[in-house]
2 protein chains.
Amino acid sequence: MQEEAQRVRRRDLLALIGTMAGSAAMYHAMTSLGLASESPYPGPIRLQGDPKGASVLVLGAGLAGMTAALELRKAGYKVQILEFNGRAGGRNWTLRGGDRFTELGGFTQACEFERGLYLNPGPWRIPYHHRALLDYCKRLGVALEPFIQLNHNALLHAARAFDGVPQRIRAVRADFQGQIAELLAKATQQRRLDDAVTTEDQEILLQALKSWGALDQNYHYGANLTSAAYRGYATDPGGGLAAPAAPSEPVGLSDILKSRLWRYLQNFATYNFQTTMFQPVGGMDMIGKAFASQVGDVIRYNSKVTAITQDDRGVTVTYVDTADPKDTRKDTQKATQTAVADWCVCTIPLSILSQLPIDVSADLKSAIDAVPYAAAVKIGLQFKRRFWEEDDAIYGGISYTDLPIRQIAYPNTGFNHSGRAVLLGAYLFDGANAFEFTAMPPAERVARAVEFGAAIHPQYPAEFENGIAVAWHRMPFTLGCSGDWSEEARGQHYRNLCRIDGRIVLAGEHASALPAWQEGAILSALDAITRLHERVVKT
Amino acid sequence: MQEEAQRVRRRDLLALIGTMAGSAAMYHAMTSLGLASESPYPGPIRLQGDPKGASVLVLGAGLAGMTAALELRKAGYKVQILEFNGRAGGRNWTLRGGDRFTELGGFTQACEFERGLYLNPGPWRIPYHHRALLDYCKRLGVALEPFIQLNHNALLHAARAFDGVPQRIRAVRADFQGQIAELLAKATQQRRLDDAVTTEDQEILLQALKSWGALDQNYHYGANLTSAAYRGYATDPGGGLAAPAAPSEPVGLSDILKSRLWRYLQNFATYNFQTTMFQPVGGMDMIGKAFASQVGDVIRYNSKVTAITQDDRGVTVTYVDTADPKDTRKDTQKATQTAVADWCVCTIPLSILSQLPIDVSADLKSAIDAVPYAAAVKIGLQFKRRFWEEDDAIYGGISYTDLPIRQIAYPNTGFNHSGRAVLLGAYLFDGANAFEFTAMPPAERVARAVEFGAAIHPQYPAEFENGIAVAWHRMPFTLGCSGDWSEEARGQHYRNLCRIDGRIVLAGEHASALPAWQEGAILSALDAITRLHERVVKT
């Protein structure tokens, strides 16, 4: 009764605050009551104070660079961006039919996807707690749709388990959890938890394990309609006289343990991959394009930075134009051009920046050199039809395998449509597999993805049409997927990397605690320009 | 190596089948290899044989009735449908601004939702394994989008636990699972599972529990960055110099057990509610409208059936027209009209049918009378803004509470938009609460939903604009939500309910093993007309 009174008082209090003071005050009160979490994004940035005509040169028109440019210009700065590629977005990138790109080593791929189909070779999902990115999507009018991370009906596959037959996630999950619950219920009933759990709690624990493990009334997990309600049926319930359902046979705990398929069960529950995730409608590059619609007028494309110098009065960046079709010389033979500004926000990936002459302190230079870049390969495959939906009832989500392709991720849009579709046929990151695939010519990467995928989806060979393979270590503008910080390097170099060095400050996912995430790039840029602006306004 | 060889042989075999025989043969082979599940929907129905001009009268233009009409007409029958309401769809229904309806007892509600917003008062989600419904959506061109059932960031609330403060699903889930894993790991290490698990498996079990429970290297679940990667952080990782993340403090197992919040954790994993679920874009009634676009020309609306008779030659149904605006008499005083046909597919809910004179065997009549109808109340609330997204980062999904409202379900469309939105502010089914709310005038139902909801979302009072409340026991066309079969009644009456009785056969969710699901209605209709057609073609 005391709790009831407390609850009512709390509710009345909050209602009163809401009525009297509006939602902002209410939200403040609610936060202090423990409901809201602590995001590092407190809402739209406010750069107060007059920069008095100061100029900023931004290097890189990825999300970090464009965030910096957008907000600095709004705060009164003169802003210019130099961008290596002929497009904005950087790793925020979407490949569609007709797109072409050339990787280091000279291989050029032409995307042959049917109109309307695409692959996001870089970032492809947005967690609900990436508040900055979601806020920019809202402000810039980027429409979002759910990205399905966990699909209970997708597959877990281990080449050496279950005769190579993939298992449904729902079945492995229910069977593992059910048999764990049964083991613990048994231990509880045998009084083996007496030293850890009170007798009162043991009573409730047994109820909880029964509910949570889909156990029968004897606390046993078996082949019955209770377990079928989680793992699925041998025959689904139907209509009319065809109605009766038949339970399915669980997989034994020992088989699950030995298969190692349990390794995948927690993927879906990590904070980074929890529901609700999003993707932009039409491709991830809708975000890059939305930013470019705001700052595109200050971007100078096809500008390859060759050196960065600074002195007391400003920053000078030299670059070459790589786009002139009449200029057939190598980049190193071309005449350099020069851009100058009072300040510089440099978002060039460290993999590239570490190879450039740059006029910074030894500490920052050491930090720039301290971060290797992760390898990653993504392969998009176009098929004649959505056989994963039509034959296997897999709508979106991800199947996991211990084959080199690692994942098969099904499209999260156009559900239940007829006709062609593109899935992500391989997502290799780190490790020998990623390097091995990076070393192959693109056509071979695609062929291998089809071959391996056929072990999971036998429809592959008959339905495959074309594919494209992005090996990030060979992409000239990043030479890798993302900054691969070791704990040790982070301890030694991270703060040095982020500190303003004279008139230069670095930003990008590599300068964040969220490596490889777009949110890291944006938060890094917001933090960098906040500190830069403070310095400018003070001086 | 032997498994490897087996796997390769299996893959080669399947690839060969695929190449040689195409995808149908491949799918057959795959099914026999154990990949596909056994759906009671084998694909589009094929009614072969000439019905020789036979006529069928269908009672009810819900999904069962319209499925029967569509397929029977395609097979060559003369079909007519009598429908009680002035619209097709039955419980497949969506309320939008401008809609009005009157419930038993005389209360009329006018929906005041802003244009584009809606409530699905009946069915609102479609599981991926409802193959028949999904196939009709595909054939009839109904666009689908994901329905988010599990949102890790939504709330679990118990009035008497945690001082009434709602808990994030992610935190309760991670903390329960982590502490279960810790208990079992401890028992394993103390050799207390030796009688149940082999020593070899115990080794792997410990690894699995560590991964699956987010345990630290000592198999302990605690406040650290490992648990934070599942339950969430006190401070999220950020960018630049604001980067460091702070772990959060788990809730103790005893508190979770006593709170009973564990009761909700398995909801999301049931076969019926697993990912990927769907909803039609724009409202559930897009399905009813799509069916009506096929069979609308044979529907006679506003036709209230008053009696059903049959003899050796056919079926005669009397009904009254309830729509004539000039006719102000009570329905019972109106002149009855008559419809005749060779056969009748009756989809009238048993709650209504049991009150009508109907010319059937005593067994069928007993079956019709044996099924009470479940009470259910759904309340839609319009708010000025999506405060659950903007303030609380809750995008779609469902929060659960032990307050009478039971659930708050957030809209699964228009994510991240500014402006007004409608959420499901209460979903009461069965039990005293549903009856209590059914007994209230609609305005009071809405007011109570706002009052209770404010205990979970303090923003409610300041942001609420208008609401609508559908109490299914008071809806004249169903007098309840769905057939509420007891195990005993099903054992005694179900087959009698589904058998063809002379020239009449029943269909609808009540004549299926999937009560309250649209799939049950459709599968029931397909089974009924398959048997009816067999009889017609034989005679």
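All values reported here derive from a predicted model rather than from experimental measurement.

**Concerning the pairing of strand 12 (residues 277-280) of chain B**
All names here are of chain B. Alternating positions in strand 12 separate into two faces, Met 277 and Gln 279 on one and Phe 278 and Pro 280 on the other, with burial throughout. Examined bridge by bridge, strand 7 (residues 144-147) and strand 12 share four bridges and lie antiparallel to one another. Note that in strand 12 the partner of Pro 146 across the bridge is Phe 278.

**Focus on the confidence of the model for chain A**
Detailed conclusions should not be drawn from predicted coordinates in areas where pLDDT is low. All names here are of chain A. Overall, the prediction assigns chain A a mean pLDDT of 92, with 93% of residues at 70 or greater. Segment residues 1-36: pLDDT under 50, and 54 contacts once partners within four positions in sequence are set aside and those in other chains are kept. Across the predicted assembly, pTM comes out at 0.92 and ipTM at 0.92.

**Some thoughts on the side chain of B:Ser227**
Residues and elements named next belong to chain B. Considering the arrangement of structural elements, one finds Ser 227 in helix 6 (residues 225-231). You can call Ser 227 buried: its relative accessible area is 0%. Among the polar contacts made by the side chain of Ser 227, one reaches the main-chain carbonyl oxygen of Gly 222 at a distance of 2.6 Å. Once residues within four sequence positions are removed from consideration, Ser 227 is found in contact with Ala 214, Tyr 221, Gly 222, Gly 232 and Pro 250.

**Considering empty space enclosed by the protein**
Enumeration over the complete set of coordinates arrives at six cavities of 30 Å³ or more. Within this model, the largest cavity holds a volume of roughly 270 Å³. Lining of the largest cavity is provided by 19 residues; of these, A:Leu150, A:Arg173, B:Leu150, B:His152 and B:Arg173 occupy positions nearest its centre. For the lining of the largest cavity, the secondary structure elements donating two or more residues are helix 4 (169-189) of chain A together with helix 4 (169-189) of chain B. For the lining of the largest cavity, the per-class residue count stands at 12 nonpolar, five polar and two charged. For the second largest cavity, the calculated volume is near 100 Å³. The wall of the second largest cavity is formed by 15 residues, among which A:Phe147, A:Ile148, A:Thr275, B:Ile148 and B:Thr275 lie closest to the centre.

**Digging into the relation of the copies chain A and chain B**
Between the two copies, chain A and chain B, the superposition gives an RMSD of 0.0 Å; the rotation angle is 180 degrees and the shift along the axis is 0.0 Å. Each copy turns onto its partner about a two-fold axis. Rotation axis and chain A: the residue whose C-alpha lies nearest the axis is A:Leu184, separated from it by 3.1 Å. Both copies share a contact surface, since 100% of the interface residues of chain A are interface residues in chain B too.

**Side note on the pattern of salt bridges**
One pass over the structure, following the stated rule, counts 52 salt bridges over all chains. Among the salt bridges present, the one from A:Arg300 reaches A:Asp321, with a minimum N-O distance of 3.0 Å. Of this pair, A:Arg300 sits in strand 13 (residues 299-300) while A:Asp321 is found in strand 15 (residues 314-321), placing the two residues 21 residues apart along the sequence. Take A:Arg300: its relative accessible area is 25%, and that puts it in the partly exposed class. Across the pair B:Glu71 and B:Lys74 runs a salt bridge, and its minimum N-O distance is 3.8 Å.

**Overview of the packing of helix 3 (residues 131-140) of chain A against helix 16 (residues 518-538) of chain A**
Packed helix pairs are characterised by how far apart their axes lie and by the angle those axes make with each other. All names here are of chain A. Relative orientation of the contacting elements helix 3 and helix 16 amounts to 90 degrees, with a least axis distance of 8 Å. In terms of orientation, helix 3 and helix 16 fall into the roughly perpendicular class. Contacts from Arg 131, Ala 132, Leu 133 and Tyr 136 in helix 3 reach Gln 518, Glu 519, Ile 522, Leu 523 and Leu 526 in helix 16. Split by residue class, the contact of helix 3 with helix 16 holds six nonpolar, one polar and two charged.

Parameters and conventions
- Residues numbered from 1 in each chain as written.
- Chains lettered and ligands numbered in written order.
- Predicted model: local features only at pLDDT ≥ 70, side-chain atom pairs only at ≥ 80, totals over all residues.
- Heavy atoms only, no water.
- Buried < 20%, exposed > 50% of the residue type's maximum accessible area, 1.4 Å probe, protein only.
- Helix = DSSP H or I, 4+ residues; strand = E, 2+ residues; numbered from the N terminus.
- Pairing = 2+ DSSP bridges.
- pLDDT = per-residue confidence, 0-100.
- Contact = heavy atoms within 4.5 Å.
- Polar contact = N/O pair within 3.5 Å; in protein donor to acceptor, adjacent residues only side chain to side chain.
- 1 Å grid on protein atoms, 1.4 Å probe; cavity = no way out; pocket = protein on both sides within 12 Å on 5 of 7 lines; lining within 4 Å.
- Points joined across faces, edges and corners; volume = space filled by probe spheres on them.
- Nonpolar A, V, L, I, M, F, W, Y, C, P; charged D, E, K, R; others polar.
- Least-squares fit on C-alpha atoms with pLDDT ≥ 70 in both.
- Salt bridge = Lys/Arg side-chain N within 4 Å of Asp/Glu carboxyl O.
- Axes fitted to C-alpha atoms, helices over the stretch in contact; angles between N-to-C directions.
- Parallel < 35°, antiparallel > 145°, perpendicular 65-115°, else oblique.

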